[in-house]
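Examining the three-dimensional arrangement
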Amino acid sequence: MKHLLNIPTKWGMGLLAILAVLPGLAAEETVKSPLLERDVLPILQKNCMGCHGGLKQKRELDLRTLPAMLKGGKGGPAVVAGKPEESALWQSIAEDEMPKGKPPLSKKDKDVLKDWISAGLPTLAHLLKKYEKPLLPAGEKHEPGVVADAVDGHVSGQMANRGLKAAAVAGDAEFLRRLYLDLNGRVPTPEQAAAFLDSSEPDKRAKLIDELLAAPEFGVHFGRTWREWICPPELPSDMNSGRQPVQQSRDLGKWLARQFNENATWDKLVRDILTVKGEIKNQPQLIFYGLVGQNAQATPSGSTRAIGSLFMGVQLQCAQCHDDPFRDWAQNEFWGLAGFFNSMTGNFSKVQSREVPGEMSIPKSAFFNAGTRVPVGFLHGTKPDAKRKTDWRGVFVDWLTRRENPFFARAFANRLWFQLFTRGIVHPVNDMRALNPPTHPGLLNLLTNEFAASGFDVKHLLRCICNSQTYQRTSRGTVARQQELFGRAPMRVMTADMLLESLKIAYGDPKLDLRTHAKDDGNTNGESAAVGDEYMEFHRRFGTNEEDATDFTHGIPQMLTFINHPRLRQGGRFLEDWLKKNPDIKPETMIERLYLGTLSRRPGTEELAEAVAYTAACEEPKQAYTDVLWMLVNRSEYLFVR
Amino acid sequence: MNTHELFQRRDFLKLSAAGLLSGVSVPWFESMANAAGQVQRPRGKKCILLWMDGGPSQAHTFDPKPGGEFKSLPTTVPGIHVTEKFPKLAQCMKDMAFLRSMTTEINDHYDAKYYLHTGFRRVTNLEHPSIGSIASAFVGLPNDDMPAFVTIDAGNDKGNGGRFYRSVPAYLGPRHAPLAVQHPARGLENLKPDTRGLDRRLQLLGKGEERFAREYNLPVVNAKQAAFQRAVNLMHSPRARAFNLDNEPAAIREQYGEHRFGKSCLLARRLIESGVSFVEIFHRGWDDHEGAGMRIAARAPWMDGAMSTLILDLKQRGMLDDVLIVWMGEFGRTPGDGNGHFCRAWTSMMAGGGINTGQAVGATNENGKNPGDTITRRPITAPDFMATLCTILGIDPHQELMASGGRPMPLVDKKAKVVTELIA
Amino acid sequence: MKPASFILALLLAVTVQAETNQAVLKHVESLGGRVRWVSAKQEALEVDFQFSGDKVTDAEIARLPELGPIEILRLKKTSLTDAGLQHVARLTGLRRLYLEHTAITNTGLQLLAGLKQLEYLNLYQAQATDEGLLELAPKLPTLKQVHFHSRQVTAATISKISEKLPGLRVWPLPGRERARVETVLKLSETNLAEAESVMAVAEKDFKELNPLVKELKPRVDTAKKAADATHKKANSAGKSAETAKRRVVELDRKFKDADRQARAKPDDEGLKKKAAELKRQGDEARSKREELAKKYDAELRSNDVAQKLKRRLEKKFRRASNSKKVFELAKAELEAAKLQAEYARREHKALNGK
């Protein structure tokens, strides 16, 4: 999700991801007949929607949704359940009358369409309907344990329906490392790891969750994560040739960290960002509009896309230039929404209100309808009843943060789920729409309701999820569907931030710098410089696929860094300190400590024996332990959140 | 038959779904279907990009004008002249082609560097893949010991020239990021292993890795172990010796020259020979605001020597047809003294690559108050240039790739026209 | 054959083919070889064994022809012997063959007579010599370039080859290179001479003028001040002259009026007097004006002199203070030109030494 905003980002293959959900899922439904979302829409999108979709509706026919198909166009209903011969769609396809000007459909595609109509127009959404009801009543806040049980109920229900069993609950070490990385963005220190593993308190997991939610690193980690979702740190900045001011963007992360640590409710946090006004001094969140704008300036369209993606979970970018052919909103709706952000001007350091009549003229940069004036309005057509001259943003935020707003709580709950499970309940997380149904509709409703009822309490929602068995399951196992349905924890690649913070712990060096360059290679202030500061360089080198954390994207340079970088071959200061303090330390003790500081667990019998044998064969103990440390950070297990 | 690793690592289902949904043609998909019975390896040419960072003066290099600071010098191709400072290259003219009508709209260093590396204007929230990463994705050998794309820093003549552009793979994925050589004489960073107990360490590591792979037989784990293996292979590969210039005979090193640029050219040849598909050499400091004359007079000899040696060396090795050499900066300089940035009419050079060499494509005016400030024939825009480069390397510039959100991204701007004069 | 079975057979053939070349490909790569298509358009494979070393023996390459249309084959530093060339000879589409640092002899070379597409042959540091080439080359109609080490060739044989096959380029081939090297040498010498003359000027400037910078500075300042003063003076003189001129015009106009009135009323003595007075005043003003105009001219002239001096001194100062930088640049230029010439000379010498 390096870019939830407009287009992509890095290796964005978001669309592929959605499609990957459907076939897998539906296959488990053992539905043999074609399904609308899985089988039919791809054919229609490729062949038909160019003329009969959001962009054009030739002969008044719109094929984007089932109701629209049933309504049909001038040629009568496009589809009639169970009756291909009465369906205009089938007739024109069967005769190769359609698609016009394109090669006719293949026999296979034709069969799909015909079978689908004959089978009575089955949809995946319909199949999933029975899972829509959440297990807890809406409108009231519940105890985390209760919610956690309901989460498990939804997940195991879905598993059972497919004849699958969830994976076992993870052992303490697996849980410990995962929770630290998820909530505090780093592995535990050896002491923290040992303390937890050795504790025999029955509720130590719940306690650790509370403890980590209260730690300052919680806010730091979530602040960085959201900062990166707003704007990745390695994009062009004043440090590497762009205009984005690095320091101020980092201050945004720090501001977010404070909000998360103080547990500012999500609606308040979003309101503080979106209604900000004045100078950047004392309000670092002001940079938001500049970061999501164009050429260092806030733009209504940039703000709209970013807000749609980050806070509403929808992709609006297509509608900027034309009616979205695949989603049910029009270009007018995009610009109606953009109208709210037309009542301000801003850049990286300043945001000012300006007087506008509550409408927006579609700019020239849009392909269609440039110059058309559109009144401000919310998505799906509702209009604000306010009458004001300046700054409509407050009106928008009032609408957005109402508890019953269909986007706000849902988008956050879904994104939080994505963060912990690598896949949203709706996936991708910024593409919620009728034709991209959730895998677990009831679960999403449950989390949405709970979040809204708690007054958008972020820590509460996290506490609910982390206390569930679902979160605490092992990642061991190979059945892909088990993981797709959240019955097993995913194996994830650590993000650059997690990796950097964890390496600092492994090496006992809070200033760990992995840049490799000589003095004459350039300076760091941007002038002819090939290198940024150590944080930016680390991000550049170890950035991951944030749309899919299970995708391993590192290559030779990353691996060579791990294998041969002089800093990682030097060992840690704590190694020296420890050896100095405990000159007669037993190899077993030292090795155990190294395991705890890297893999957050104690070595297994075989592992211990191997490492002891290794150190015994070395002349110099410090070198031997440094080698063991090198081995541990080079382990696959180290790079992953398992 | 681009066995395009980007898509290779996605499974077939996802790939076909992308093709269906996007509604655009997916050429690699179709060609894969046609390719039954053929060896599945990438096809296309290799490339060495000589990037003169800061913008070299065309009037002081390859587009001499009457009355210019440098005299013009006939080459081995009648009718084509270079400036007097390039006697050796003048003798290689039959293997070179000038593009004298580059016209690229951007006079700002960084934006122009971005534009000429990607073919797209820079925008805020999206990065486009650079040509090296594109070549890595489409022409590079997947899973080779050697990286597909390497950049070499040939040093710094002068401290200005604006901020430095670094090639990014953008949506092509981080595997297509360049491997950066900071100094040609130092080779690849982190390549040289700390040999203290390396084999024993790897052995110790291997035992744990084996157990882990048995316990977690997941694609992500296999991918990590494969990448690690590739890095170790590279460390041990005889091909990696290419990074070390000491392995080259002294006579050849001398021909390339002792200058860091010459060493970079030699390293580039060694890398290309051992399997790298795209090498970008950048030499910084061509932003000659105080007059290009004396500056280029001092630079020309090492550039002349290294480039002509590179061309002749590749030719002697029978590789010149398979390797395209490109010489360029982000723009040219004002006609006359070369003081200012000048994007309206400037020159780039291509050599080898099996293109139609021995010609100058396009021309600038000879007469008038400012000779050389106007294009008189065949303007070439940045997208045109990029489309031409892709086509020569064997990459279809008109294909569309998928960026996130299902938005198809053309590899090169759709309006781009290939410079057909260059293509055999 | 029925269409269906024909298609089936075709499919089968394709599948079999695919399986074979998959196996060969696997084998090639297991030996450390690399395979790629050299161009998007042509069906031409490159097989590269140059990093395989002694893993590649005669037997290992026996199945290469099954891989596909190989046009480029690199066998540098492999353990290939003459016996292995029989397999190479089956690659009839071969355009480039690399046999450098191998044990290939003149006898083995003759096995390649069937490679009618061969354009390039590299025998650098192989056991073969130009004698073998002399025998082989006439049978290869498309051969354009052959590579040897200088130890593998003699002037006599090479000249026989070039007599027989003028289109064939054999490296090292002194005759071919001579024209290029001589031109380069001549041009490099010219560049060097020019750099030297630039250097001479720069050096002279640096030596003579640079020490004057300190001394020139006050002189420039004085000249600047003087020029400013004369400029001011000239300006004010110009203004006075202008005022005087305006007064003359004004008085002339008044006199004309008075004179007209006096003529209209010839009896009025008062008017006559007034006109006469005005005429007197006008004449006086005119002579003043001439005087001022002359003064203005003089001021202009002295300003001119002062400005010229200022400009000259400024130019000299600039040249003097830049002389160090220019000298450095000229040094760099000369160094570079020297190096260029030196390389050209060495190349020339190496060529003529043979």
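Data block above holds the structure.
Residues numbered from 1 in each chain as written. Chains lettered and ligands numbered in written order. Predicted model: local features only at pLDDT ≥ 70, side-chain atom pairs only at ≥ 80, totals over all residues. Heavy atoms only, no water.

**Comments concerning the interface of chain C and chain B**
Note: interface size is frequently given as the accessible area lost on complex formation between the parts. Tallying the contact residues gives 53 residues for chain C and 49 residues for chain B. Ranking the residues of chain C by area buried against chain B places Arg36, Trp37 and Phe51 of chain C at the top, with a combined share of 18%. The tally of links from chain C across to chain B stands at nine salt bridges. Between glutamate 254 of chain B and arginine 346 of chain C there is a salt bridge, and its shortest N-O distance comes to 2.2 Å. On inspection of chain C and its partner chain B, the count reaches 21 residue pairs in polar contact (both at pLDDT 80 or more). Elements supplying a minimum of two residues to the side of chain C that touches chain B: helix H1 (3-30), strand E1 (34-37), strand E2 (45-48), strand E3 (70-74), strand E4 (96-98), strand E6 (145-147), helix H6 (174-209) and helix H8 (269-352) of chain C. (Contact = heavy atoms within 4.5 Å. Buried area = accessible area lost by both parts, 1.4 Å probe. Salt bridge = Lys/Arg side-chain N within 4 Å of Asp/Glu carboxyl O. Polar contact = N/O pair within 3.5 Å; in protein donor to acceptor, adjacent residues only side chain to side chain. Helix = DSSP H or I, 4+ residues; strand = E, 2+ residues; numbered from the N terminus.)

**Focus: the pattern of salt bridges**
Across all of its chains, the model carries 90 salt bridges over all chains by this definition. Notably, a salt bridge pairs glutamate 501 of chain A with lysine 504 of chain A, separated by 3.4 Å at the nearest N-O pair. Residue glutamate 501 of chain A and its partner lysine 504 of chain A are both found in helix H22 (residues 496-507); the two are separated by three residues, about one turn of the helix. With relative accessibility at 18%, the residue glutamate 501 of chain A sits in the buried group. The partner of aspartate 283 of chain C in a salt bridge is lysine 279 of chain C, with the nearest N and O atoms 3.8 Å apart. You can see aspartate 283 of chain C and its partner lysine 279 of chain C sitting in helix H8, four residues apart, about one turn around the helix. Accessibility expressed as a relative area gives 36% for aspartate 283 of chain C, which makes it partly exposed. (Buried < 20%, exposed > 50% of the residue type's maximum accessible area, 1.4 Å probe, protein only.)

**A short note on the sheet that holds E6 of chain C**
The seven strands are arranged E1-E2-E3-E4-E5-E6-E7 (chain C) in an open sheet whose pairing can be described as mixed. The sheet is open, and its two edges are formed by E1 and strand E7 (169-171) of chain C, each paired on a single side. In this sheet, neighbouring strand axes are inclined to one another by 10° on average, regardless of whether the strands run parallel or antiparallel. As paired elements, E1 of chain C and E2 of chain C share four bridges and run antiparallel to each other. Residue pairing in the sheet places tryptophan 37 of chain C in a bridge with leucine 45 of chain C of E2 of chain C. Packing against the sheet, helix H11 (residues 293-316) of chain B makes contact with strand E5 (120-122), E6 and E7 of chain C, and its axis sits at approximately 95° to E6 of chain C. (Pairing = 2+ DSSP bridges. Axes fitted to C-alpha atoms, helices over the stretch in contact; angles between N-to-C directions.)

**Details of a positive patch on the surface**
On the surface, Lys56, Lys58, Arg59, Lys74 and Lys100 of chain A cluster together into a patch of positive charge. Locating lysine 100 of chain A in the fold gives a position in the loop between helix H4 (88-94) and helix H5 (107-118). (Patch = residues over 30% accessible without salt bridge, like charges linked within 9 Å, V, L, I, M, F, W, Y side chains within 5 Å. Areas by Shrake-Rupley, 256 points an atom, 1.4 Å probe, with all protein chains shown as cover. Lys, Arg positive; Asp, Glu negative; His and termini not counted. Charge placed at Lys NZ, Arg CZ, Asp CG, Glu CD.)

**Some words on the environment of leucine 105 of chain A**
Here leucine 105 of chain A lies in the loop between H4 and H5. Separated by twelve residues in the primary sequence, leucine 105 of chain A and isoleucine 93 of chain A have C-alpha atoms spaced 7.4 Å apart.

**Remarks on the nonpolar core**
Core analysis: the biggest nonpolar cluster contains 131 residues, and Leu503 of chain A together with Leu50, Phe261, Leu271 and Ile281 of chain B have the highest contact counts within it. If one sorts the elements of this core by residue count, H11 of chain B sits on top with eleven residues. What isoleucine 281 of chain B contacts, discounting residues up to four positions off in sequence, is Ile48, Leu49, Leu50, Trp51, Ile152, Ala154, Phe261, Ser264, Cys265 and Ala268 of chain B. Residues Val147, Ala306, Met312 and Leu461 of chain A belong to the second largest nonpolar core, which totals 107 residues. (Core = buried A, V, L, I, M, F, W, Y, C linked by side-chain atoms within 4.5 Å.)

**Points about helix H7 (residues 198-215) of chain B**
Taking 1.5 Å per residue, 18 residues should reach 26 Å; H7 of chain B reaches 26 Å between its end C-alpha atoms and fits that length. Residues of H7 of chain B that are buried: Leu198, Arg201, Leu202, Leu204, Leu205, Gly208, Glu209, Arg211, Phe212 and Ala213 of chain B. (Expected span 1.5 Å × (residues − 1).)

**Topic: the packing of helix H24 (residues 556-564) of chain A against helix H8 (residues 219-236) of chain B**
Two elements in contact, H24 of chain A and H8 of chain B, have axes whose closest approach is 9 Å; the angle formed by their N-to-C orientations is 70°. One element, H24 of chain A, and the other, H8 of chain B, form an angle in the roughly perpendicular class. Between H24 of chain A and H8 of chain B, the contacting residues are Ile556, Met559, Leu560, Ile563 and Asn564 of chain A on the first element and Lys224, Ala227, Phe228, Arg230, Ala231, Val232, Leu234 and Met235 of chain B on the second. For the contact of H24 of chain A with H8 of chain B, the class distribution of residues is ten nonpolar, one polar and two charged. (Parallel < 35°, antiparallel > 145°, perpendicular 65-115°, else oblique. Nonpolar A, V, L, I, M, F, W, Y, C, P; charged D, E, K, R; others polar.)

**Focus on the packing of aromatic side chains**
Residue and element names in this part refer to chain A. According to the stated counting rule, one finds 41 aromatic pairs over all chains in the structure shown. Ring centres of phenylalanine 288 and phenylalanine 311 lie 6.2 Å apart, and the angle between their planes is 35°; this geometry places the pair in the tilted category. One end of the pair, phenylalanine 288, is in helix H14 (residues 287-291); the other, phenylalanine 311, is in helix H15 (residues 300-312), with 23 residues separating them in the sequence. Of the two residues, phenylalanine 288 and phenylalanine 311, neither departs from the other in class, the shared state being buried. Summarising the aromatic geometry, the rings of tryptophan 399 and phenylalanine 407 are spaced 6.2 Å apart at their centres and angled 50° between planes, so their arrangement reads as tilted. The residue whose ring lies beneath arginine 205 is phenylalanine 175, and the NZ or CZ to ring-centre distance is 4.7 Å. (Phe/Tyr/Trp six-rings, centres within 6.5 Å; stacked < 30°, edge-to-face > 60°. Lys NZ or Arg CZ within 6 Å of the ring centre and 35° of its normal.)

**With respect to the sheet that holds strand E1 (residues 278-279) of chain A**
All names here are of chain A. Spatially, E1-E3-E2 is the arrangement adopted by the three strands of the open sheet, whose pairing is antiparallel. Strands with a single pairing partner mark the edges of an open sheet, and in this sheet they are E1 and strand E2 (344-346). Pairing of E1 with strand E3 (residues 350-353) involves two bridges; the strand directions are antiparallel. Across the sheet, residue glutamate 279 finds its bridge partner in E3, namely lysine 350.

**Points about the side chain of arginine 178 of chain A**
With respect to the helices and strands, arginine 178 of chain A occurs in helix H8 (residues 172-184). Once you skip the residues sitting within four places of it in the chain, arginine 178 of chain A turns out to touch Ala170, Tyr471, Gln472, Arg473, Thr474, Ser475, Ala489, Arg492, Val641 and Arg642 of chain A.

**Side note on the packing of helix H7 (residues 144-161) of chain A against helix H19 (residues 441-453) of chain A**
Residues and elements named next belong to chain A. Where H7 contacts H19, the two axes come as close as 9 Å, and the packing angle between them is 165°. Classified by the angle between their axes, H7 and H19 sit roughly antiparallel to one another. The handedness of the crossing between H7 and H19 comes out as left-handed. Side by side, H7 and H19 meet where Val147, Ala150, Val151, His154, Val155 and Gln158 of the first sit next to Pro441, Gly442, Leu443, Leu446, Leu447 and Glu450 of the second. Class assignment of the residues belonging to the contact of H7 with H19 gives a composition of eight nonpolar, three polar and one charged. (Left-handed = near helix turned anticlockwise from the far one by under 90°.)

Everything listed here is a matter of geometry and, on its own, says nothing about what the molecule does.
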